[in-house]
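Residues per chain, in single letters:
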Amino acid sequence: MTLTVTDLAIARGGVPVLEGLSFSLPSGKALILRGPNGIGKTTLLRTLAGLQPPLAGRIEGAEDQIAYASHSDGLKPTLTVVENLSFWASVFGIQDIQPALDAFALNDLSDRHAGNLSAGQKRRLGLARMLVTGRPIWMLDEPTVSLDKNAVRMFSDAVRAHLGQGGSALIATHIELGLDGEVLDVGLNKAKPKPIDDFDGGFL
Amino acid sequence: MIALLLRDLKLAFRAGGGFGLGLAFFLIVTVLVPFSVGPQSSLLSTIAPGVLWLGALLACLLSLDRLLALDWEDGSLDLLATAPLPLEAVVTIKALAHWLTTGLPLVLAAPFLGVLLNLPVPGFLWLVISLLVGTPAMSVIGTFGAALTVGLKRGGLLLSLLVLPLYVPTLIFGAEVARRGATGMETQTPLLMLAGITAATIALLPFASAAVLRINLR
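Residues numbered from 1 in each chain as written. Chains lettered and ligands numbered in written order. Predicted model: local features only at pLDDT ≥ 70, side-chain atom pairs only at ≥ 80, totals over all residues.

A.B. asks: Mind laying out the overall build of chain B, listing which residues take part and the relevant values?
C.D. replies: The secondary structure content of chain B amounts to nine helices and zero strands. Along its sequence from the N terminus, chain B presents helices and strands in the succession α-α-α-α-α-α-α-α-α. Relative to the 2.2 N^0.38 estimate, which gives 17 Å for 218 residues, the radius of gyration of chain B is 18 Å and therefore close to what a compact globule would have. When the backbone C-alpha atoms are referred to their principal axes, chain B occupies close to 55 × 35 × 30 Å. Out of the 218 residues belonging to chain B, those deemed buried represent 49%. (Helix = DSSP H or I, 4+ residues; strand = E, 2+ residues; numbered from the N terminus. Rg over C-alpha atoms; globule rule 2.2 N^0.38 Å. Buried ≥ 20, exposed ≤ 12 C-beta atoms within 10 Å, placed from the backbone.)

Right, here's the structure in full:
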């Protein structure tokens, strides 16, 4: 399952941010998305996840293949860790949440309410959600925010295991994850400001 | 889909879930009306069907702004939109969960509150029937309003203003069924109209709600 993006242009709030973006993401590979703040990394991930339409260009192989993790984890504070995770598991039609709990060391927290978790623990729970989606392409937006060193290693192990099973991952991050993925710097595809074409030359 | 319904019900019953808010409001309105209009029992029994319907409608309105806003704030609406569930199913389940936690308790509480307003005896059955048929439409219309205003800060005000005119047909025919039932008149025509409105909103509005939600999530 290869994700192919051809000549993509995207906009945030009506303003074009990226244009002419082409890349492909074959299975078993990770692609690290880099670029300065505000360049449109989140917008790119949201577009690929199907939450908003692109301005131009084609996205192939994304339909129902993408598991998307945004800045917020989508956790319900009054549900326990296990209840949160098994809800997403049953939405995606997966029965077993134990591997996800193991991968992010959540077994000891399983009966805690998500509202009582620390920021890093919440993030780990949010990332564990990716494991219960069963989707081949992971889209992660700043996945390591508020994680400690140990948890970052758990995360890169989980990504590596996912790549080993033929999955792929597109990760927007600023830190070194120790993954041997290619780097895609979207800073080069910054959309140029539109030339003003209603300039009245005859007036001069 | 069942998982989403169970999660929403669980959330509603847990601390801070807002279950009981509508019910408490309904109770307050019907308890206070006799104090404000005076104790003449003939006047109370005349206005009882209308007051009970209005109270139920406002109680329903009160709980709408949390319907989708909470899911939007914590990011789960984005995640649900990328999940294998179609958004039409998500909004239908959300409306069903809202009805089960708000509409149904109002229907069940209405006969007890009817006693406080001296509702005539034949009116009780028709009050329950009319609320049972009418409240699902209020949940579905309310979900549409919530989808329109999701993502707006303090969207509750706009939501009420948008939804209120859409509630008018349900209120007119629902209160008419209860009023005619209470006075022993024939109720078939308004009841059929009420059922028609409910059936039409359930059939059509989830598609509209899903469409506006897709636009609002961009």
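A.B. asks: I'd like to hear about the sheet that holds strand E6 (residues 137-141) of chain A, residue by residue, with values.
C.D. replies: Residues and elements named next belong to chain A. With respect to topology, five strands assemble into an open sheet ordered E5-E6-E7-E3-E8, the strand pairing being parallel. Only two strands of the sheet have a single partner each, and these edge strands are strand E5 (66-69) and strand E8 (182-185). Mean inter-strand twist for the sheet, computed between neighbouring axes without regard to direction, equals 15°. Sheet topology places strand E3 (residues 30-34) next to E8; four bridges connect them, and they run parallel. Across the sheet, residue Ile32 finds its bridge partner in E8, namely Val183. Running at roughly 145° to strand E7 (residues 168-172), helix H5 (residues 149-164) makes contact with E3, E6 and E7 of the sheet. (Pairing = 2+ DSSP bridges. Axes fitted to C-alpha atoms, helices over the stretch in contact; angles between N-to-C directions. Contact = placed C-beta atoms within 7 Å.)

A.B. asks: Provide a residue-level description of the UniProt feature "transmembrane region" (unreviewed entry) in chain B, including the pertinent values.
C.D. replies: Residues and elements named next belong to chain B. Following the UniProt record, one finds the feature "transmembrane region" (unreviewed entry) at residues 12-37, 43-64, 96-117, 123-150, 157-178 and 190-213. Along residues 12-37 one finds 73% helix and 0% strand; the C-alpha atoms at either end are 35 Å apart. The straight-line gap between the two end C-alpha atoms of residues 157-178 is 29 Å; of that span, 100% is helix and 0% is strand. (UniProt positions renumbered as here; feature names shortened; annotations may be inferred.)

A.B. asks: Could you give me a rundown of the environment of Gly187 of chain A, with the residues and numbers involved?
C.D. replies: All names here are of chain A. Within the secondary structure, Gly187 sits in the segment after E8. Sequence separation of Gly187 and Leu48 is 139 residues, and the distance between their C-alpha atoms is 18 Å. Excluding residues within four positions of it along the chain, Gly187 makes contact with Gly35, Pro36 and Ile39.

A.B. asks: Now, about the sheet that holds strand E4 (residues 56-60) of chain A: what can you tell me, with residues and values included?
C.D. replies: All names here are of chain A. Strand order in this open sheet of three strands is E2-E1-E4, and the pairing throughout is antiparallel. One side of each edge strand has no neighbouring strand; the edge strands of this open sheet are strand E2 (15-25) and E4. Within this sheet the neighbouring strands show an average axis-to-axis angle of 25°, counted without direction. Relative to E4, strand E1 (residues 3-12) runs antiparallel, the two sharing four bridges. Its bridge partner being in E4, Thr6 is matched across the sheet by Arg58. Here helix H1 (residues 41-48) sits on the sheet in contact with E1, E2 and E4, set at roughly 120° to E1.

A.B. asks: Residue-level account of the packing of helix H2 (residues 81-91) of chain A against helix H1 (residues 2-13) of chain B, with values.
C.D. replies: In contact at an axis separation of 8 Å, H2 of chain A and H1 of chain B are set at 155° when each is read in the N-to-C sense. Classified by the angle between their axes, H2 of chain A and H1 of chain B sit roughly antiparallel to one another. Mapping the contact onto sequence places Phe87, Ser90 and Val91 of chain A in H2 of chain A and Ala3, Leu4 and Arg7 of chain B in H1 of chain B. (Parallel < 35°, antiparallel > 145°, perpendicular 65-115°, else oblique.)

A.B. asks: Account for the interface of chain B and chain A, naming residues and giving values.
C.D. replies: Of the residues lining the interface, 21 residues belong to chain B; the matching set on chain A comes to 19 residues. Taken together, the elements giving at least two residues each to the side of chain B that touches chain A come down to H1 and helix H5 (76-81) of chain B. Of the residues forming the side of chain B that touches chain A, the biggest block, five residues, is contributed by H1 of chain B. Per-class residue counts for the side of chain B that touches chain A are 10 nonpolar, five polar and six charged. (Nonpolar A, V, L, I, M, F, W, Y, C, P; charged D, E, K, R; others polar.)

A.B. asks: So what about the nonpolar core? Which residues, and what values?
C.D. replies: Counting residues in hydrophobic clusters, the biggest one holds 118 residues, and the most contacted among them are Leu85, Ala128 and Met139 of chain A together with Leu52, Ala56, Leu106 and Ala110 of chain B. It is helix H6 (residues 87-116) of chain B that contributes the most residues to this core, 13 residues altogether. Setting aside anything within four residues of it in sequence, one finds Leu85 of chain A in contact with Ile97, Ala100, Leu125, Ala128, Arg129 and Val132 of chain A. (Core = buried A, V, L, I, M, F, W, Y, C linked by C-beta atoms within 7 Å.)

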